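Remarks on the overall topology
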Amino acid sequence: MAVALEFIDFIVPIELIKAKYPGGWEQCLADHSNLIGGRVWYDGYLFRDGAMGPAGIEALVQQWVDLGFEPMVTDDGKRAWKECCVTEHMFGGPTLPCNWIEITEDGRAAFLKGTNPGKVMGRGSE
């Protein structure tokens, strides 16, 4: 499975949400229930939220930092995504290196590395 990409995407692995999100996966779904199928969607592996501009995506990243997530890591002076990944659909992928996500050949969806992209979940799907 895969998640559709549009505008600026904020992606988190569901397994990490289960482990770190206060209240786990069920609480994450409850907290985003009014957004699911609109700007939020997910497949069996990835949770996607999004924004249309830099300020919106910065606010999303900060919300998840406030929940205890570590978005980035710096290794040998180079920054990379760690527990979340921000992608820009128009520019074809992650804004920083992200070793756990892959983008489909057409650039329209992301999937967890090592899995089959299969069905794409997106706006209007639940």
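In the block above lies the structure referred to throughout.
The sections below set out a description of the structure shown in this document. (Residues numbered from 1 in each chain as written. Predicted model: local features only at pLDDT ≥ 70, side-chain atom pairs only at ≥ 80, totals over all residues. Heavy atoms only, no water.)

Describing the overall build of the chain
Secondary structure assignment for the chain yields three helices and eleven strands. Counting helices and strands in the order they occur from the N terminus, the chain gives β-β-α-α-β-β-α-β-β-β-β-β-β-β. Taken over the C-alpha trace, the chain has a radius of gyration of 13 Å; the compact-globule value for 126 residues is 14 Å, and the two agree within 12%. Seen through its principal axes, the chain has C-alpha atoms that stretch 40 × 35 × 30 Å. (Helix = DSSP H or I, 4+ residues; strand = E, 2+ residues; numbered from the N terminus. Rg over C-alpha atoms; globule rule 2.2 N^0.38 Å.)

Examining the nonpolar core
Membership of the largest hydrophobic core comes to 32 residues, with the highest contact counts inside it found for Phe 10, Ile 11, Ile 17, Phe 47 and Trp 64. Looking at this core, the elements with two or more residues in it are β1 (2-4), β2 (8-13), α1 (14-20), α2 (24-31), β4 (46-51), α3 (54-66) and β7 (85-88). Not counting chain neighbours up to four residues away, the residues in contact with Phe 47 comprise Phe 10, Ile 11, Val 12, Ile 14, Ile 17, Trp 25, Cys 28, His 32, Val 40, Trp 41, Tyr 42 and Trp 64. (Core = buried A, V, L, I, M, F, W, Y, C linked by side-chain atoms within 4.5 Å. Buried < 20%, exposed > 50% of the residue type's maximum accessible area, 1.4 Å probe, protein only. Contact = heavy atoms within 4.5 Å.)

Focus on the sheet that holds β2
The strand order β3-β4-β2-β7-β8 describes an open sheet built from five strands, whose pairing is antiparallel. Edge positions in the open sheet fall to β3 (41-42) and β8 (93-94), since each of these has one partner strand only. Note that β7 and β8 share two bridges and pair antiparallel. Looking at β8, one finds that Thr 87 is bridged to Pro 94. (Pairing = 2+ DSSP bridges.)

Concerning the environment of Gly 38
Tracing the backbone shows Gly 38 in the loop between α2 and β3. For Gly 38, a relative accessible area of 26% corresponds to the partly exposed category.

Regarding the layout of surface pockets
One number sums up the size of the largest pocket: a volume of about 260 Å³. Taken together, Ile 8, Pro 54, Ile 57, Glu 58, Val 61, Met 72, Arg 79, Trp 81, Val 86, Glu 88, Thr 95 and Leu 96 make up the full set of residues lining the largest pocket. At the level of elements, α3, β6 (78-81) and β7 are the ones that each hand at least two residues to the lining of the largest pocket. Residue contributions to the lining of the largest pocket peak at four residues, all from α3. Of the residues in the lining of the largest pocket, the class split is eight nonpolar, one polar and three charged. (1 Å grid on protein atoms, 1.4 Å probe; cavity = no way out; pocket = protein on both sides within 12 Å on 5 of 7 lines; lining within 4 Å. Points joined across faces, edges and corners; volume = space filled by probe spheres on them. Nonpolar A, V, L, I, M, F, W, Y, C, P; charged D, E, K, R; others polar.)

Some points on the sheet that holds strand β9 (residues 101-103)
If you trace the four strands from one edge of the open sheet to the other, you get β9-β10-β1-β11, paired in mixed fashion. With partners counted over all chains shown, the strands left at the sheet margins are β9 and β11 (120-121), one partner each. Here two bridges tie β1 to β11, and the two strands are oriented parallel to one another. Looking at β11, one finds that Val 3 is bridged to Met 121.

Honestly, it's all geometry; don't read function into it.
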